[in-house]
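Examining the three-dimensional arrangement
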Amino acid sequence: MQAPSSQRYGRRVSEPGPETEARRIASEARDRARFEEEALALADQVYRVARRLVGTREEAEDLVQETYARAFRSWKSFTPGTNLRAWLLRVLTNLNIDRGRKIQRTPQTQPLEETDYYLANKVASAAGEDALETDEVVERLSQDSIVKALADIPPQYRDAVVLVDIGDFTYADAAQILDVPIGTVMSRLHRGRRALKQHLAEEALG
Amino acid sequence: MSGDPCDRCEELIQDFLDRTLTDVEWREAEVHLSGCDYCARRYKFEESLRRYVRTSAAERMPPGLMDKLSELRGLDATA
């Protein structure tokens, strides 16, 4: 991306002729259209993350629309060549946090600190050690129970789990999106995954 | 690291799946997993679970949303 044309042409010193101005406008319109196109191409992926960050489909739809409205208005603040998907998700999580996460099912209790093997151990005692090696064993957990378990973990942990495990963001991208240090992402992610497994164990296995 | 090697492996396994271990830790986990059925099975389980969570939680965009987003193009910065 070139430097803004107003700097290159030094508008204050010599007023651009109508042709130069027209070229500048056309070039900006092209940049803008390209940004919009690239952002829209990511909408499905943005929605997928949004859907798991909030409680309902309607909220997710609203949030994604607000995100794109804001993104299209402030497209100039995106640096071309950087990660647009992460930039969009940052806009989205900020909007989500601004909303105060009002309508979410948010348990105020902290999850118990179970160990990482907690769910595997439960499965092993219910179905046997060998079951752990089969791909089918996880399918004993219904998709609904996974969605519900994700919705029930504390929002800060959920943000980290959703961004990394569903959105496929790196720790570094997630840290930027959430505006927290990378170590915070890692600890929220670990605790979130444990909380998720604990919920799954309770829901699916009783 | 002192203590039970399986506890240690349990500690490393998420980062192992995330591929964020240091070379030394990676080797440590790999050596343990190759000789310990208990942890190897749990590793397999965690790996399947990750995949299953990702696919189960994925939900496609509702029809119509894309059109709504497309209509937002050209929004004025001052609007």
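Residues numbered from 1 in each chain as written. Chains lettered and ligands numbered in written order. Predicted model: local features only at pLDDT ≥ 70, side-chain atom pairs only at ≥ 80, totals over all residues.

Observations regarding the domain arrangement of chain A
All names here are of chain A. Domain boundaries in chain A define domain 1 (5-98) and domain 2 (118-205). On the side of domain 2, 13 residues touch domain 1, which itself brings 10 residues to the contact. Elements that contribute at least two residues to the side of domain 1 that touches domain 2 include exactly α3 (43-53) and α5 (84-98). Of the residues contributing to the side of domain 1 that touches domain 2, the split by class is four nonpolar, three polar and three charged. (Domains from an automatic or database assignment. Contact = placed C-beta atoms within 7 Å. Helix = DSSP H or I, 4+ residues; strand = E, 2+ residues; numbered from the N terminus. Nonpolar A, V, L, I, M, F, W, Y, C, P; charged D, E, K, R; others polar.)

Thoughts on helix α1 (residues 5-18) of chain B
All names here are of chain B. Relative to the 20 Å expected for 14 residues at 1.5 Å per residue, α1 spans 20 Å between its end C-alpha atoms, a close match to the ideal helical length. The sharpest bend along α1 comes to roughly 40 degrees, located at L12. Within α1, the full set of buried residues consists of C9, E10, L12, I13 and F16. Positioned one or two residues after α1, R19 has a phi angle of 60 degrees, which is positive. (Expected span 1.5 Å × (residues − 1). Bend = angle between axes of the 7 residues up to and from the residue. Buried ≥ 20, exposed ≤ 12 C-beta atoms within 10 Å, placed from the backbone.)

Topic: the interface of chain A and chain B
With 38 residues of chain A at the interface, the matching set in chain B holds 32 residues. Those elements that place two or more of their residues in the side of chain A that touches chain B are α2 (18-41), α3, α4 (57-73), α6 (118-127), α7 (143-152), α8 (155-166) and α10 (182-205) of chain A. Tallied by class, residues from the side of chain A that touches chain B come to 18 nonpolar, five polar and 15 charged.

Here we look at the packing of α4(A) against α5(A)
Residue and element names in this part refer to chain A. At their nearest, the axes of α4 and α5 sit 9 Å apart, and the two run at 120 degrees to each other. Judged by the inter-axis angle, α4 sits oblique to α5. Classified by chirality, the crossing of α5 by α4 is right-handed. Across the interface between the two elements, L63, E66, T67, R70 and A71 of α4 pack against L88, V91, L92, L95 and N96 of α5. Among the residues forming the contact of α4 with α5, the class breakdown is six nonpolar, two polar and two charged. (Axes fitted to C-alpha atoms, helices over the stretch in contact; angles between N-to-C directions. Parallel < 35°, antiparallel > 145°, perpendicular 65-115°, else oblique. Left-handed = near helix turned anticlockwise from the far one by under 90°.)

What about unusual backbone geometry?
Phi at D168(A) is positive, roughly 60 degrees, even though this residue is not glycine. Residue placement: D168(A) occurs in the loop between α8 and α9 (171-178). The class for D168(A) is partly exposed, based on 13 C-beta atoms found within 10 Å. A positive phi angle, close to 60 degrees, is found at R19(B), a residue other than glycine. As for its position among the elements, R19(B) is in the loop between α1 and α2 (23-35). Residue classification places R19(B) among the exposed positions, given that 7 C-beta atoms sit within 10 Å.

Focus on the nonpolar core
Counting 54 residues, the largest nonpolar core has V46(A), A50(A) and L163(A) as its most contacted members. Looking at which domains feed residues into this core, each of domain 1 (5-98) and domain 2 (118-205) of chain A gives three or more. Setting aside its immediate chain neighbours within four residues, A50(A) contacts A60(A), L63(A), V64(A) and L92(A). Residues C9(B), L12(B), L33(B) and C39(B) belong to the second largest nonpolar core, which totals eight residues. (Core = buried A, V, L, I, M, F, W, Y, C linked by C-beta atoms within 7 Å.)

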